[in-house]
Amino acid sequence: MPFVTSAGAKVHFVDSGGSGPAVVLGHAFFMDHEMFANQVAALAPQYRVIAIDARGHGLTEHDDGAYSFWDLARDAWSVVDHLGIDRVVVGGVGQGGFTALRMALLCPPRVDGLILVGCSAQAYSDVQRIGYRQVTDAWIGTGPLTVIAKMVAGLIIGGDRTDHQPWLAKWLSGDRERVAAAADCLINADDISDLIGDITCPALLVRGAFDPAFDHDAVDLLTKGLGGPAEFHTIEGAAHTPNLTHGCEIDQLMLRFLGRLGQ
């Protein structure tokens, strides 16, 4: 399995390979690289798709220290550097989008485009922090996980039981305490609204119409705050992870966006 050592972490990733333009994707909270299986199938072999497991998720291992999304961005750049790739398109869903934004801020000349799904540049409000802390504390705690896992699946995945089942099986058989540090990272995400104007590459922004994490105004504000050309699309009927339930629509948007970058 492919791993890269980054400061305080052994980072796992999957790489579709090939010589096409590289697209680096980061997953949502509670998920892992497997949430991009449909996008890998749709984009490869025309594009080289690299999906990374964030700390606290998937097969990535890390020490006991606290970390931020800036650290996760450096982890992702460590993967890119390990693969010997100079320029990339970076993207992600939810927290993966937080990481992609910081990747673009850390190394602007190396980022050809951004793909952000269900994402914001703002810090969470006090009310949001309390809500997320209640959910993550319940997840990490000792009570039955099934109820909270089903609630999370309904909120972030949407769709139906068929869409939920693979993730419920993974969550219920895994180590529920692994997300503890990741929860701190998420809840304490810093506000980078005053920095994103420095990101001048083209950007594609997508939001599921029923995303409980970020409303239309939050994503619209991010779209307008970026310093380069940005387009914003809403996926009707989708929740926080539209690539899992509305894959064809997401794939088409991504392919059109990537195609324009190559012109």
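Quantities reported herein were computed from a predicted structural model and do not represent experimental measurements. (Residues numbered from 1 in each chain as written. Predicted model: local features only at pLDDT ≥ 70, side-chain atom pairs only at ≥ 80, totals over all residues. Heavy atoms only, no water.)

Enquirer: Explain the packing of helix α4 (residues 126-140) against helix α5 (residues 145-157) to me, please; I cannot follow it from the model alone.
Expert: Any two packed helices are characterised by how steeply their axes cross, that is the angle between the axes, and by the distance between the axes. Following both chains from N to C, one finds α4 and α5 inclined at 140°, their axes separated by 9 Å at the closest point. Taken together, the axis directions place α4 and α5 in an arrangement best described as oblique. Considering the relative orientation of α4 and α5, their crossing is left-handed. Of α5, the residues touching α4 (which contributes Val135, Ala138 and Trp139) are Leu145, Ile148, Ala149, Met151 and Val152. Residue classes in the contact of α4 with α5 are distributed as eight nonpolar, no polar and no charged. (Axes fitted to C-alpha atoms, helices over the stretch in contact; angles between N-to-C directions. Helix = DSSP H or I, 4+ residues; strand = E, 2+ residues; numbered from the N terminus. Parallel < 35°, antiparallel > 145°, perpendicular 65-115°, else oblique. Left-handed = near helix turned anticlockwise from the far one by under 90°. Contact = heavy atoms within 4.5 Å. Nonpolar A, V, L, I, M, F, W, Y, C, P; charged D, E, K, R; others polar.)

Enquirer: Help me out: how do you make sense of the pattern of salt bridges in this one?
Expert: Pairs may arise between side chains of opposite charge once their charged atoms sit close together. With the rule as written, the count across this model stands at 13 salt bridges. The salt bridge partner of Arg133 is Asp184, with a shortest N-O separation of 2.9 Å. Of the two residues, Arg133 sits in helix α4 while Asp184 sits in helix α7 (residues 180-187), which places them 51 residues apart along the sequence. Since its relative accessible area comes to 27%, Arg133 is described here as partly exposed. Taken together, the salt bridges that share partners define one network made up of Asp32, Glu34 and Lys170. (Salt bridge = Lys/Arg side-chain N within 4 Å of Asp/Glu carboxyl O. Buried < 20%, exposed > 50% of the residue type's maximum accessible area, 1.4 Å probe, protein only.)

Enquirer: Please explain the pairing of strand β2 (residues 9-15) as it appears in this structure.
Expert: Remember that side chains alternate between the two faces of the sheet whenever the strand is regular. Relative to β2, strand β1 (residues 3-6) runs antiparallel, the two being bridged by four bridges. Within the sheet, the bridge partner assigned to Ser6 lies in β2 and is Ala9. Once β1 ends, the chain turns through two residues before running back antiparallel as β2, passing Gly8 with a positive phi of about 80°. Pairing of β2 with strand β5 (residues 61-62), which is carried by two bridges, proceeds in the antiparallel orientation. Opposite Ala9, over in β5, you have His62 as the bridge partner. (Pairing = 2+ DSSP bridges.)

Enquirer: How should I be thinking about the packing of aromatic side chains in this particular structure?
Expert: Any aromatic ring pair is given by two values, namely how distant the centres are and how the planes are angled relative to each other. All told, the structure shown has nine aromatic pairs when counted by the stated rule. Relative to Phe30, the ring of Phe29 has its centre 4.6 Å away and its plane inclined at 75°; by these criteria the two rings are edge-to-face. When sorted by exposure, Phe29 lands in the same class as Phe30, which is buried. Here a set of aromatic residues connected by ring pairs shows up, and it is made of Phe69, Phe98, Tyr124, Tyr132 and Phe214. Sitting above the plane of the Phe3 ring, Lys10 keeps its charged end 4.7 Å from the centroid. A cation over a ring is seen here: Arg55 above Tyr67, with NZ or CZ 5.2 Å from the ring centre. (Phe/Tyr/Trp six-rings, centres within 6.5 Å; stacked < 30°, edge-to-face > 60°. Lys NZ or Arg CZ within 6 Å of the ring centre and 35° of its normal.)

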